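Here is what each chain is made of, one letter per residue.
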Amino acid sequence: MIPAYNTLVVLAGCGLLGLAAGTVGCFALLRGRALVADAIGHAALPGVALGALAAAALGLEARSLPPLLLGAALTGLLGVLAMQALGRTGRIREDAAIAVVLSAFYAAGVALLSVVQAVPEAAQAGLSRFILGQAAALRAADAWLAGAIAIGCVAACLALFRPLAAACFDAEFARVQGVRVGVIDLALLGLLVLVCVAGLQAVGLVLVVALIVLPPAAARLWAGRLPGMLALSAGFGAACGLAGAAASALWPELPTGAGVVLAGAILLGLSMLAGPESPRALRRMAARESRA
Amino acid sequence: MIDAATFLQLDLPPLLAALLAGATCGLLGSLLVLRRESLVADALSHAVLPGIVLGFALTGLRAGLPMLLGALAAALLAVAGIGLVRRWARLESGAATGAVFTVFFAAGLLGLELSGARTVDLDLDCVLFGQLETLVWPQATGWASLADPAALAALPRQLGLLAAVGVVSAVAVAACWRPLKLLCFDAGYAAVLGLPVRALETGLALLVAAAAVAAFESVGSILVVALLVCPAAALRLLTDRFGTQVLGGAALGAGLAALGYALAGPLPAALGSGIAVNAAGMIGTLGGVAVALAALLGRHRAAAAAG
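Just so it is clear, the structure is predicted and the values come from calculations on it, not from any experiment.

Conventions adopted
Residues numbered from 1 in each chain as written. Chains lettered and ligands numbered in written order. Predicted model: local features only at pLDDT ≥ 70, side-chain atom pairs only at ≥ 80, totals over all residues. Heavy atoms only, no water. Helix = DSSP H or I, 4+ residues; strand = E, 2+ residues; numbered from the N terminus. Rg over C-alpha atoms; globule rule 2.2 N^0.38 Å. Buried < 20%, exposed > 50% of the residue type's maximum accessible area, 1.4 Å probe, protein only. Contact = heavy atoms within 4.5 Å. Areas by Shrake-Rupley, 256 points an atom, 1.4 Å probe, with all protein chains shown as cover. Lys, Arg positive; Asp, Glu negative; His and termini not counted. Charge placed at Lys NZ, Arg CZ, Asp CG, Glu CD. Patch = residues over 30% accessible without salt bridge, like charges linked within 9 Å, V, L, I, M, F, W, Y side chains within 5 Å. Salt bridge = Lys/Arg side-chain N within 4 Å of Asp/Glu carboxyl O. Buried area = accessible area lost by both parts, 1.4 Å probe. Polar contact = N/O pair within 3.5 Å; in protein donor to acceptor, adjacent residues only side chain to side chain. Axes fitted to C-alpha atoms, helices over the stretch in contact; angles between N-to-C directions. Parallel < 35°, antiparallel > 145°, perpendicular 65-115°, else oblique. Left-handed = near helix turned anticlockwise from the far one by under 90°. 1 Å grid on protein atoms, 1.4 Å probe; cavity = no way out; pocket = protein on both sides within 12 Å on 5 of 7 lines; lining within 4 Å. Points joined across faces, edges and corners; volume = space filled by probe spheres on them. Nonpolar A, V, L, I, M, F, W, Y, C, P; charged D, E, K, R; others polar. Phe/Tyr/Trp six-rings, centres within 6.5 Å; stacked < 30°, edge-to-face > 60°. Lys NZ or Arg CZ within 6 Å of the ring centre and 35° of its normal.

### Concerning the overall build of chain B
And step 1. A count of helical and extended segments in chain B gives 15 helices and 0 strands.
And step 2. Here the C-alpha radius of gyration of chain B, 20 Å, is about what a compact globule of 307 residues would show, namely 19 Å.
And step 3. Its C-alpha atoms put chain B at 60 × 55 × 35 Å along the principal axes.
And step 4. Scored against the burial criterion, the 307 residues of chain B give a buried share of 54%.
And step 5. Long-range contacts, defined as pairs at least 24 residues apart, comprise 73% of the intrachain contacts of chain B with a sequence gap of at least 6.
And step 6. Summing over all exposed atoms, chain B offers an accessible surface of approximately 12500 Å²; the carbon and sulfur share of this is 69%.
And step 7. Within chain B, the 15 negative side-chain charges are centred at a point lying 16 Å from the centre of the 15 positive side-chain charges.

As structure tokens, then:
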């Protein structure tokens, strides 16, 4: 039985999203910025609600995706700025800043959602599906949009490969070599915002961070060098995206986000046990060599 | 003017729940912020979900104790899991924590589906949005009900758990005040002095998990993080003194909770508006506002002191 066109498009969209998340996530993980994606994801919620309200005010179609994604991107960026401002006080560590932005913005989103319920035109947008993801609800046009954003992210990563790699491995040396590390960091944060926004509908904002963390973490245990890690991370991400979408098609009550994350968890678990670059494998190899 | 019976039936339970959650989380959260462990608040609030679901699924009851025990077990497993992932996957602390707690949360969501809990009692909306507004006390008839044991016994179950966790936390912090102060500011010295550092750390983590469970039924899983982190962060921006930080965090948490609840429901109603804003969302938003104000105030004072 050949899946319907719509199903194929949804699978493709989720796969592309996973590919982008794995690619951007690889650099984010190496730069120690992976968890910022959690705050960005949660910060997107008020933007989605505001986008729905704006769309209703402008008379646009309720379930139209672009205003929602635009709102999400704007508040996601605002969240990034807020985290940086908190860090500049010198009294709030990065993890506390992430937690503050994550929870406060999410709370604002929840409050706004309850207001949106009261506006009939906006309420039809069915916004709560952005929290945990529902790939089954993706329309072909939505999947194309998410896929396009994803491809854009991958292209940007490839274009910025050398400065990104330099910044990830030795920021000080990179600076000395003339790489504008501050600008690269901002670019990385911007890419994280784009990936989170693209993933809202499929994976949901609460769990999109897992798609950014788990594939690169698994890839690291198989590849010792960056190009290999990047390629594997992208592949693993795509696999997780596809698995999640497939699970969502077979079992509509399970939020897609959960399916994607659990696929990633299995991948990471297997990698920790069997990956040749994992500490266990390296220890085994060292033991073997010392015996020989 | 609102009459006593309506206030007691509809407003008192959510207000009390919010106050208790805010005070307890503000207290414990301050300790986490001083220990630079705010991420633990995020992690534990997400990680307890599978434990809560399991406790519910195994007993079939939405009672406090099985869920609390399940949550504590999940919390301990999560902490162990984070250590495991750090060692076996060479991940730094933040990424390992994020990996583990999202997986636990997803497992909890899966459990919600499998156990059918979703269709019965423990539902997803409660986890994500809280349900302060659903806490009611139908047995209240007037101010006299506050002294009536039979009526008091009919208060929502969630209040009992919140009160218990709140009292235990307050007593524990008071009893361990000096050791905690040392632990927050110089853990190495504390260990040298022979203080049971591991026990204190584990105790704090368990209390945070318990608070997360107790509060989750009123404000939801993710908003627990707001209560644990925002009042504490606001105080951190304003003071360097342990006592002010810890007690101020508790007070601010309670205050924001009360104000948030009032602004969400009663105030719009009093103004004649039909819109009721989600109370938990309003409380969390106020938490963020408090941090922002504290950041501005702190900068002002620093500039004034320097200038």
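From this point, the narrative continues.
### Focus: the overall build of chain A
And step 1. Looking only at helices and strands, chain A has 14 helices and 0 strands in total.
And step 2. Each helix (α) and strand (β) of chain A, taken in turn from the N terminus, gives the series α-α-α-α-α-α-α-α-α-α-α-α-α-α.
And step 3. In terms of overall size, chain A behaves like a compact globule, its C-alpha atoms giving a radius of gyration of 20 Å where 292 residues would be expected to give roughly 19 Å.
And step 4. If one aligns the C-alpha atoms of chain A with their principal axes, the spans along those axes are about 75 × 55 × 30 Å.
And step 5. Scored against the burial criterion, the 292 residues of chain A give a buried share of 58%.
And step 6. Surface exposure of chain A reaches about 11400 Å², of which carbon and sulfur atoms provide 68%.

### What to know about a nonpolar patch on the surface
And step 1. Residues L250(A), W251(A) and L114(B) make up a contiguous nonpolar surface patch of roughly 360 Å² in combined accessible area.
And step 2. For W251(A), the location among the structural elements is in the loop between α12 (226-250) and α13 (256-274).

### Quick word on the interface of chain B and chain A
And step 1. Counting residues at the interface gives 54 residues for chain B and 52 residues for chain A.
And step 2. Here chain B packs against chain A, burying approximately 4300 Å² in sum over the two surfaces, 77% of which is carbon and sulfur.
And step 3. On the surface where chain B and chain A come into contact, there are 1 salt bridge.
And step 4. Put simply, D240(B) and R91(A) hold a salt bridge, and the shortest N to O gap is 2.8 Å.
And step 5. Taken together, the connections running from chain B to chain A amount to 7 residue pairs in polar contact (both at pLDDT 80 or more).

### Examining the environment of A165(A)
Residues and elements named next belong to chain A.
And step 1. For A165, the position within the fold is in helix α8 (residues 161-169).
And step 2. Each C-alpha atom, one on A165 and one on A82, is 26 Å from the other, the two residues being 83 residues apart in sequence.
And step 3. Each residue touching A165, except ones within four places of it in the same chain, is listed here: F27 and L226.

### Points about the packing of α12(A) against α13(A)
Residue and element names in this part refer to chain A.
And step 1. Contact geometry for α12 and α13: axes closest at 8 Å, N-to-C directions at 135°. Here α12 lies oblique to α13, going by the angle between them. Taken as a pair, α12 and α13 cross one another with a handedness that is right-handed. Every residue of α13 that contacts α12 at F236, C240, G241, A243, G244, A245 and S248 is listed here: T256, G259, V260, A263, G264 and L267.

### Notes on the environment of V213(B)
All names here are of chain B.
And step 1. Residue position: V213 is located in helix α11 (residues 197-219).
And step 2. Sequence-wise, V213 and I52 are 161 residues apart; in three dimensions their C-alpha atoms are separated by 7.7 Å.
And step 3. With sequence-adjacent residues up to four places away left out, V213 is seen in contact with V48, I52, M67, L68, A71 and L161.

### Some points on empty space enclosed by the protein
Residue and element names in this part refer to chain A.
And step 1. Tallied over the full model, the rule gives 2 cavities of 30 Å³ or more.
And step 2. There is about 40 Å³ of room inside the largest cavity.
And step 3. Around the largest cavity, the lining residues are L65, L69, D142, A146, V197, A198 and Q201.
And step 4. Those elements that provide at least two residues to the lining of the largest cavity are α3 (65-88), α7 (140-159) and α10 (181-199).
And step 5. A per-class count over the lining of the largest cavity returns 5 nonpolar, 1 polar and 1 charged.
And step 6. Of the pockets and cavities examined, the second largest cavity occupies roughly 30 Å³.
And step 7. Taken together, G13, C14, L17, L138, A146, A198, Q201 and A202 form the lining of the second largest cavity.
And step 8. Tallied by class, the residues present in the lining of the second largest cavity amount to 6 nonpolar, 2 polar and no charged.

### Section: the packing of aromatic side chains
And step 1. As enumerated under the stated definition, the model contains 3 aromatic pairs over all chains in all.
And step 2. Here the aromatic rings of W177(B) and F242(B) are separated by 4.9 Å at their centres, their planes lie at 70°, and the arrangement is edge-to-face. Linking W177(B) in helix α9 (residues 177-185) with F242(B) in helix α13 (residues 242-264), this pair joins segments that are 65 residues apart in sequence.
And step 3. An angle of 70° between the planes, with centres 6.1 Å apart, marks the rings of F185(B) and F242(B) as edge-to-face. Highlighted residues: F185(B) in helix α9 and F242(B) in helix α13, separated in sequence by 57 residues.
And step 4. Here F242(B) falls in the buried class, since its relative accessible area comes to 3%.
And step 5. Over the ring of W88(B) we find R280(A); its NZ or CZ atom is 4.4 Å from the centre of that ring.

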